Amino acid sequence: MYRLVLYILIALVLIASVLSYFSFIPSAPAFIILSALVLVGVGWIANSIFAWAFDAPTNFESVYITALILTLIMTPAKTFSDLTILAWAIILAMFSKYVLAINKKHIFNPAAVGVVITGLFLGQSASWWVGTAWMAPFVAISGFLIIRKLRFFDLTWGFFMAVLVVSLVIGFMQGDSLITALTRVTLDSSMLFLGSIMVTEPLTMPPTTRLQMIYGALVGIFSVPQVNIFSFSFSPEMALCTGNIFAYIVSPKWKLVLTLTEKIQIAKDSFEFAFKPSHMFAYEPGQYMEWTLPHTHFDARGNRRYFTLASSPTEKTLLLGVKFSQRGSSYKKTLLSLNKVSPIVAGQLAGEFTLPKNPKQKIAFFAGGIGITPYRSMIKYLIDTKQHRDIVLCYSNKVADEIAYRDIFDEAQKQFSMKMIYTLTDKHNVPFGWKGSVGRIDEELIEREIPDFSERLFYLSGPQTMVSGYEKVLRQMKVPQKNIKKDFFPGLT
């Protein structure tokens, strides 16, 4: 996900340089490119120094992303004095990640707070020159790609609806026409860039959909230029920092530095990693976290991943269940070779793929492959807390050797009569004496094994194509969308 944002920002800088060459943007291409190079170089040096001083893992993707955002929102440098301002902005942005942080969790979007501090002490704020009519189509396409990847539709909906409604109301009060107000919001403003590329930073947003929508709306309201509070007008970067404060208040307030305690193979090509957290913390079964694994020469997929916690809150260690392949990423290769000394950092607890609050609600869990991990977390929690729930678990794998956590599910069958349905999709490799089903989870299997399916809440977890296939089958069976929950988090694909 972060690499996608990085590529998009590089493309926007290059597009802006081309447009400036033809005088569509009032700045020379050389100034734009020079500003970008200075911001990236100084940011890299500053982040390296701060990471060393605070003994913290580095992530240079975030450095480059912050530098390129600053390139697009701060006026390109034409003099040495201008370059000095840009250098301070990126230094302060990097500084904020380590100092304006509590329990290793930074509070503010680095680019936004870097500009705010630069404006307060050096008198140079962001010009948001990216917010022009010529750049608007490219920013809109870029923003759509990011939002589509992250699935933060509710957040961006909250932001843009707040901006639109507030702008139209103020425009009407000031006598502006509808077209004038709409143009101000879409083509001649910073809103597209702010709302789709900056507000969507995962590390400084709330963990749940409802809170994300409120967060987006809050930033949207304060970012409208005509909004004043006690004669104080918010800039877009101040609006985002204000939203970050709200997000911090309602979010988990820590990052964990973990060490490996055990690594075991739980199925064909799948391993379970047990980590000892630096301190205990509360989470709900089925939630996920962002995991940063520092390693050299990481590939295009970066050094961060989102993994669902396979452990239950009743357990003392954090468990990850991870599937590996021969063409795996540098991240997974490093994870597989992880020893009991190398650290891994986890944070940004989020996710609403959790048990329903009503214990009497009938449930159907559908899993494919290593998508079984959130169910392992939930079912282990139910076993340990001695809760009895009406659950049917359909677990699909290609071959029998890929089945993981069978011991947990066997225990659940004994304790609260959970119905367990295993199915294999490779019809040519079914073991002798196999008592489960063969084939994909389809309408026929559901009607046969879950006759009361219309009364159940369905949970779908696994590869995105598989989850989409499950959802299609259920919708064809007239299962309401509100009765279908999908396990999605950034970076799942």
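See the structure above.
Now for a description of the structure that goes with this document. (Residues numbered from 1 in each chain as written. Predicted model: local features only at pLDDT ≥ 70, side-chain atom pairs only at ≥ 80, totals over all residues. Heavy atoms only, no water.)

### Looking at the overall build of the protein chain
Where we set the bar: Comment: elements are numbered from the N terminus, with helices defined as DSSP H or I runs of at least four residues and strands as E runs of at least two. For the radius of gyration, the atom set is restricted to C-alpha positions; the globular benchmark scales as 2.2 Å times the number of residues to the power 0.38. Only protein chains enter the accessibility calculation, which uses a 1.4 Å probe; a residue is then buried when its area is under 20% of its type maximum, exposed when over 50%, and partly exposed in between. Any two residues whose heavy atoms approach within 4.5 Å at even a single point are treated as in contact. With residues, only the protein chains shown are counted as cover, and all accessible areas are computed by Shrake-Rupley using a 1.4 Å probe. The charge count treats Lys and Arg as positive and Asp and Glu as negative. His and the chain ends do not count. Taken as the charge centre is NZ of Lys, CZ of Arg, CG of Asp or CD of Glu, depending on the residue.
When helices and strands are counted, the protein chain shows 16 helices and 16 strands. Rg of the C-alpha trace for the protein chain: 25 Å, near the compact-globule value of 23 Å for 493 residues, within the 12% margin. Taking all 493 residues of the protein chain together, 55% fall into the buried category. Summarising the internal contacts of the protein chain: among those between residues at least 6 apart in sequence, 74% fall at separations of at least 24. Split by element, the accessible area of the protein chain, about 22,300 Å² in all, is 62% carbon and sulfur. With 46 positive and 33 negative side-chain charges, the protein chain shows a spacing of 2 Å between the two charge centroids.

### A word on the packing of aromatic side chains
Applicable threshold: Here a Phe, Tyr or Trp ring, Trp counted by its six-membered ring, pairs with any other such ring whose centre lies within 6.5 Å, and the pair is stacked when the planes are under 30 degrees apart, edge-to-face when over 60, and tilted otherwise. Only lysine NZ and arginine CZ atoms are considered, and such an atom sits over a ring when it is within 6 Å of the ring centre and within 35 degrees of the ring normal.
Within this structure, the stated rule accounts for 24 aromatic pairs. Ring centres 5.5 Å apart and planes at 40° place the aromatic pair phenylalanine 275 and tryptophan 291 in the tilted group. Taken together, the positions of phenylalanine 275 in strand E6 (residues 270–276) and tryptophan 291 in strand E7 (residues 288–292) put the pair 16 residues apart, joining distant regions of the chain. Of the two residues examined, phenylalanine 275 and tryptophan 291, each falls in the buried class. Ring geometry for phenylalanine 366 and tyrosine 470: centres 5.6 Å apart, planes at 80°, overall edge-to-face. On the criterion of sequence distance, the pair formed by phenylalanine 366 in strand E11 (residues 362–368) and tyrosine 470 in helix H16 (residues 464–476) is long-range, its members being 104 residues apart. Members of the aromatic cluster, each reached through a chain of ring pairs, are Phe271, Phe273, Phe275, Trp291 and Phe324. Lying over the aromatic face of tyrosine 422, arginine 406 brings its terminal NZ or CZ to 4.7 Å of the ring centre.

### Remarks on the pairing of strand E5 (residues 255–267)
Each regular strand shows side chains that alternate between the opposite faces of the sheet. Operational definition: For two strands to pair, DSSP has to find at least two bridges joining them.
In the sheet, E5 pairs with strand E10 (residues 343–350) via 5 bridges, with the strands oriented antiparallel. Bridging across to E10, lysine 255 finds its partner in glycine 347. In this sheet, E6 lies alongside E5 in antiparallel orientation, the contact comprising 7 bridges. Looking at the pairing, leucine 260 lines up with phenylalanine 275 of E6. In sequence, E5 turns back onto E6 through a hairpin of 2 residues, with aspartate 269 there showing a positive phi of about 65°.

### Let's talk about the side chain of threonine 66
Tracing the chain through its elements places threonine 66 in helix H3 (residues 60–73). When its relative accessible area of 6% is taken as the criterion, threonine 66 is described as buried.

### Points about the nonpolar core
Which entries qualify depends on this criterion: Throughout this description, the term nonpolar core refers to a set of buried Ala, Val, Leu, Ile, Met, Phe, Trp, Tyr and Cys residues connected via side-chain atoms within 4.5 Å.
If you look at the biggest cluster of nonpolar residues, it comprises 84 residues, and the most contacted ones within it are Leu9, Ile73 and Phe193. If sequence neighbours within four positions are ignored, leucine 9 has contacts with Ile65, Leu68, Ile69, Leu72, Phe193 and Ile197. Listed in part, the 33 residues of the second largest apolar core include Leu355, Tyr405, Ile408 and Trp434.

### As for the environment of lysine 149
Residue position: lysine 149 is located in helix H6 (residues 136–150). Counting along the chain gives 144 residues from lysine 149 to valine 5, while the straight-line C-alpha distance between them is 10.0 Å.

### Focus: empty space enclosed by the protein
We count it as follows: Only protein atoms enter the calculation, which uses a 1 Å grid: trapped sets of points that fit a 1.4 Å probe without letting it out are cavities, open sets showing protein on both sides within 12 Å along at least five of seven lines are pockets, and any residue with an atom within 4 Å of a point is a lining residue. Grid points are joined across faces, edges and corners, and a volume is the space filled by probe spheres set on the points. Only Asp, Glu, Lys and Arg are considered charged in this grouping, and only Ala, Val, Leu, Ile, Met, Phe, Trp, Tyr, Cys and Pro are considered nonpolar; every other residue, Gly among them, is considered polar.
Within the structure shown, the criterion is met by 6 cavities of 30 Å³ or more. One number sums up the size of the largest cavity: a volume of about 60 Å³. Grouping the constituent residues of the lining of the largest cavity by class yields 9 nonpolar, 2 polar and no charged.

### Here's the deal with helix H7 (residues 153–173)
The criterion, for reference: Expected helix span is given by 1.5 Å per residue-to-residue step, counting one fewer step than there are residues.
In this model, H7 (21 residues) spans 30 Å end to end at C-alpha, consistent with the 30 Å of a helix rising 1.5 Å per residue. Glycine 175 sits one or two residues past H7 and shows a positive phi near 85°.

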